Amino acid sequence: MKATDLLVQCLENEGVEYIFGIMGSETLDLMDSLSKSKQIQFINVRHEQGAAFMADVYGRLSKKPGVCLATLGPGATNLLTGIASANLDHSPVVAITGQAGFERQHLESHQYIDIVKLFEPATKWSVQIKDSQTIPTIIRKAFRVAQMENPGAVLIELPENLAPQMIPGNPLPVKPIPKSIPTSQAIDDARKLIGQSQRPLVLVGNGVIRQEAVFELLTFIEKLQSPVIHSFMAKGVLPKDHQQNYFTFGFNMQDEALPIIEESDLVIVVGFDFVEKLPKDWNKKKRPILHIHPLPAEMDQHYSVKSELVGHLIETLSMLNKQSIPSKQWVPSGNLQEKIRTAYHIDSEQNENLSLKIENVLKVIEKQSMEQTIVISDVGSHKVSIARTYQPKQAGRLIISNGLASMGIAVPGSIGAKLACPEATVICITGDGGALMNISEIETAKRLGLSFIIIVLNDSTLKLEKQMMQQKFANTFGTNFGNPDFVQLAESFGIKGVRSNDLNEFEQVLKTALNQTNEVTLIDVKTEIDG
């Protein structure tokens, strides 16, 4: 069979349902082979960055690698931002690119650059297929590496001259990744460390959601009875009104949860990745650490590990829960939980003359969302507000680009979310800056017949950068821009576009949009322009 036929068989063997991408002359054979697949749907997108973002969010929600495809040169480089974003947020993604044939890789040649080398810093593994008969081995390894802790992105490059070669071969069997567990001695050491503490604090990171260990974590929290804080990526692990919930930490400014860490005498860190927030920013007093994670702790002077439980989090927490965990109920001083609720606008009512300030908008969304609702945040000042204020009703249902903090993820990410979870309502919240980076993917969503809601916060400025410029230099140079009419732009794509000028209007518009199950709706929210 043709090499690309075998490659597609290998992808089918891995359970691939969708490939997001744009074809090129160097991937024509692969496209021909994909056209014969009864399992894989190729989704022709409008920009390769959008393809990578779709694969990222699809991978996060489906718990299996998202796959994206590009040709060589500019097609491949356009993938890079989305691939780096997936890798830093530990989303399983496999990217496939075309490449010039071997006969011209030693020359200065049209569209040829070393893609493998370019992607190496942004992936877990970056490889060129040099022998077509190695395709089954490379595909199997790529998917395994993408899913192993910590999950991330892999690049596979297929030179054009190998694609049409006739070769024998079969996909390799897919074997589950073994689950490691801590030793009984490590469990006993952790139990003793907890027993010796008076004011332990539980700090929760992305790994708990990634490894679907929320139930086991909640069991541990109920036994311990100590305060709990979580990163941006772990929102929803505790119900909003849980008595031990002290909400989100990890902000650059006004991080109201930091006093809890300073008051504690042991930080039990569960599933937390350094990319979520470096310890120097939250553990300035170098409180001792009980590290619970699928991987050993990174060495850091502000991450003083006294004991480690290394293993799959479901298995690890289950083992720990079988121990006699002493209750360590304590309350941080200064009525801190209430202070955090007030500072983060968690309990605040819609106010200020029904203005469209971000906290009011988020309250409406939170009130109207269901347990299964997926909210995707683009990057900007609104992302910080969402991390503070918005409380998802279920873990893993708030998608934030945090590691690379990539503007432009929300619109294409909504496509990946809807394909991974077709029954769920998907709401994307984006600033006008991020929206226009990948707004063309609305056409992709329309073509696929998907339904989700795009909320564009329209203030004609890069608000976060404007605030930082004002604070540092007392000017706002380079932060303002013009916008199109978003309602007309939406309608030009053949989707519904509506505008909200006050909060009551927004609430009614959102309610109507939530009842539309067969189309994309864009809501232009005119927010106040500062200065």
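Keep in mind the model is a prediction, meaning the values are calculated, not measured. (Residues numbered from 1 in each chain as written. Predicted model: local features only at pLDDT ≥ 70, side-chain atom pairs only at ≥ 80, totals over all residues. Heavy atoms only, no water.)

> How would you summarise the side chain of Glu 276 if you had to cite specific residues and measurements?
Relative to the assigned elements, Glu 276 resides in the loop between strand 10 (266-270) and helix 11 (279-282). Despite its burial, Glu 276 remains without a salt bridge, the nearest opposite charge being carried by Arg 210 at 5.9 Å. Contact partners of Glu 276, with chain neighbours within four places excluded, come to Gly 205, Asn 206, Ser 231, Met 233, Gly 271 and Asn 402. (Helix = DSSP H or I, 4+ residues; strand = E, 2+ residues; numbered from the N terminus. Buried < 20%, exposed > 50% of the residue type's maximum accessible area, 1.4 Å probe, protein only. Lys, Arg positive; Asp, Glu negative; His and termini not counted. Salt bridge = Lys/Arg side-chain N within 4 Å of Asp/Glu carboxyl O. Contact = heavy atoms within 4.5 Å.)

> Just give me the short version of the packing of helix 16 (residues 410-420) against helix 18 (residues 441-448), but keep the residues and values in it.
In the contact formed by helix 16 and helix 18, the axes pass within 9 Å of each other and the chain directions differ by 20°. Considering the angle they form, helix 16 stands roughly parallel to helix 18. Crossing handedness for the pair helix 16 and helix 18: left-handed. Counting all contacts with helix 16, which are made through Val 411, Pro 412 and Ile 415, the residues of helix 18 involved are Glu 441, Ile 442, Thr 444, Ala 445 and Leu 448. Class assignment of the residues belonging to the contact of helix 16 with helix 18 gives a composition of six nonpolar, one polar and one charged. (Axes fitted to C-alpha atoms, helices over the stretch in contact; angles between N-to-C directions. Parallel < 35°, antiparallel > 145°, perpendicular 65-115°, else oblique. Left-handed = near helix turned anticlockwise from the far one by under 90°. Nonpolar A, V, L, I, M, F, W, Y, C, P; charged D, E, K, R; others polar.)

> So what about the pattern of salt bridges? Which residues, and what values?
On inspection of all chains with the given rule, the structure shows 22 salt bridges. Glu 14 is the partner of Arg 140 in a salt bridge, and the nearest nitrogen-oxygen pair spans 2.7 Å. On the criterion of sequence distance, the pair formed by Arg 140 in helix 6 (residues 135-147) and Glu 14 in the loop between helix 1 (3-13) and strand 1 (18-21) is long-range, its members being 126 residues apart. By relative accessible area, Arg 140 is classed as buried at 10%. Owing to a relative accessible area of 14%, Glu 14 belongs among the buried residues under this scheme. Between Glu 443 and Arg 447 there is a salt bridge, and its shortest N-O distance comes to 2.8 Å. Of the two residues, Glu 443 and Arg 447 both sit in helix 18, four residues apart, roughly one turn of that helix. A relative accessible area of 22% means that Glu 443 is categorised as partly exposed.

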